[in-house]
Amino acid sequence: MINQIRITCLWFFILTITVSATSQSEVYLEQILTQVLDNSFAVKSAELRKDIAGEKFKFYKSLLKPNISLSASIPNFINSSTPITQPDGSIAFQSIRQANGSLSAFASQVIPATGGTLFINSDIQRFDDFTTSFHQYNGVPIRAGIVQPIFGFNPWKYEKAIQDFSLAEAELTYNIKIEETLGLATDYYFNILIAKQNLEIANTNQIVNEKLLKITVERLTLGKVSRDEKLQLEIELNTAKLAVSQASTQLEQSIAVLYTFLGLPPLNAEASFVIPKNLKIENVNIDALINSSKKYRPEIIAFQKNKALNKLDLARANADYGLQANLRASIGLVRGAEAVKEIYNDPFSEQRFNITLSVPILDWGKRAAATSQIRLQQEELDAAYQQQILELENGIEQRGLIFSRLQNEIVLLQEIMEKAEERFQISNDRYILGNIDITNLTLAQREKDQTKRNFINALKSYWVSYYEIRALSGYDILNNKEIIYQ
């Protein structure tokens, strides 16, 4: 589908897969990201919105090209009675049987620079009076002219910039939507990893507590431990069983959510979802990300488009409530005759010229109020944009700092997790030997479980932050290049 993301996913594949034999049941993050691009409704929807914007731009471009049309009325027949005013002012009703037919060809071309329209047309009409057996033709072999507003509103002056901005905004929005979709899929993927880890922790705790409870029962029989320790282990065992049930449900739900998002049937809970490793990015250049966002975030283009729309509204208000003048002029050849060939063999020349004026005398402040309102809207637009940019830059900076911090913390959290696991094993052995009580063992067990959760949650935040940075800046910090999808 998209070459860039496939290259990026290949990087992920190299970084996330250790050299080992794999089975068909293993699922990797890079596979999920590829399926997102190929199957997800979110990506398809983003593509459709971009395509719609492209078609709108094509429609606008088509409006700038000549428009040619053909119209006809064949025939317009009347058999009726109509009032006829007599010379003395009285009314006489007379029956009429008439037919009118016409055929017209018309071509026009807008003039974006002035807002006027050039036109050329050719007409032929036939009139038949069946009562008197009279017929006549009237034709315009050719007429060319112009309709030009002199002080009127010219939307074409602003429409080009607006349409260019709209298309650019749609293309940038498409890029960002792809990144947001990848980030959301990553979030769903890690929800599965978290649920699977919770299930593994719960299963392990259940097995360990079952073994410990057997030992404790034997010791209680010998009088080496109190009934309180036995009750504590029974509580821990039941808690582990409850956690197994809850984690199993959470895992199934998390898998269903991800694969529904992908538009694919879900895998079973036995599938192995591999934990990806953290990326190796030595430095996150916040300034470079902010500069990139100024080029690739759609909000920047949207602001420019809104400013152009505001200028259009201001020009329309000034024109609608001010002096208006329209010029219409044309030259051509015309003739009425009883034979069609006479119209084209010996037509008369025609000239038309007309200027209409509309001058407001008293508008009760409509123009001033309308233009003032639009200027205030522009001020509000400027203020909102400044706030939006501050929030965008702050979001990039904060996520960049979080990403850099997590990149270092993940190494420490992994070491802490390994040490907590080792400590629990030691505490478990010591409890079996009777060297520590159940309270210390429980503390070691819970510390072991919590460090595992802390590690996987930090890894999730790390990967989600990575995609948030990409979406906010429009820049790929792994490959050091702008994000542009075609």
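For the structure, see preceding data.
Criteria and cut-off values
Residues numbered from 1 in each chain as written. Predicted model: local features only at pLDDT ≥ 70, side-chain atom pairs only at ≥ 80, totals over all residues. Heavy atoms only, no water. Helix = DSSP H or I, 4+ residues; strand = E, 2+ residues; numbered from the N terminus. Rg over C-alpha atoms; globule rule 2.2 N^0.38 Å. Buried < 20%, exposed > 50% of the residue type's maximum accessible area, 1.4 Å probe, protein only. Contact = heavy atoms within 4.5 Å. Lys, Arg positive; Asp, Glu negative; His and termini not counted. Charge placed at Lys NZ, Arg CZ, Asp CG, Glu CD. Salt bridge = Lys/Arg side-chain N within 4 Å of Asp/Glu carboxyl O. Pairing = 2+ DSSP bridges. Axes fitted to C-alpha atoms, helices over the stretch in contact; angles between N-to-C directions.

(A) Geometry of the overall build of the chain. The helix and strand inventory of the chain stands at 10 helices and 10 strands. In summary, the chain has a C-alpha radius of gyration of 39 Å against a globular reference of 23 Å for 486 residues, an excess of more than 25%. The burial tally for the chain puts 41% of its 486 residues in the buried class. By sequence separation, contacts in the chain at least 24 residues apart represent 76% of the contacts at least 6 residues apart. The chain carries 50 positive and 54 negative side-chain charges, and their two centres are separated by 1 Å.

(B) Region of the structure containing the pattern of salt bridges. Applying the stated rule across the entire model yields 20 salt bridges. Glu 421 is the partner of Lys 452 in a salt bridge, and the nearest nitrogen-oxygen pair spans 3.6 Å. Linking Lys 452 in helix α10 (residues 438-473) with Glu 421 in helix α9 (residues 366-433), this pair joins segments that are 31 residues apart in sequence. Note on Lys 452: relative accessible area 22%, which makes it partly exposed. Notably, a salt bridge pairs Glu 447 with Arg 423, separated by 2.5 Å at the nearest N-O pair. Placement of Glu 447 in helix α10 and of Arg 423 in helix α9 is noted, with a sequence separation of 24 residues between them. According to the relative accessible area criterion, Arg 423 is partly exposed, its value standing at 39%. Here the residues in one salt-bridge network are Arg 143, Glu 350 and Arg 352, joined through shared partners.

(C) Here's a closer look at the sheet that holds strand β5 (residues 134-149). Across the sheet, six strands lie side by side as β2-β3-β4-β5-β7-β8; this open sheet has antiparallel pairing. Edge positions in the sheet fall to β2 (67-85) and β8 (348-358), since each has one partner strand and no second. Each strand of the sheet is rotated relative to its neighbour by a mean of 20 degrees, with strand direction disregarded. Where strand β7 (residues 324-337) meets β8, 11 bridges bridge the pair, whose relative direction is antiparallel. Within the sheet, the bridge partner assigned to Leu 327 lies in β8 and is Ile 355.

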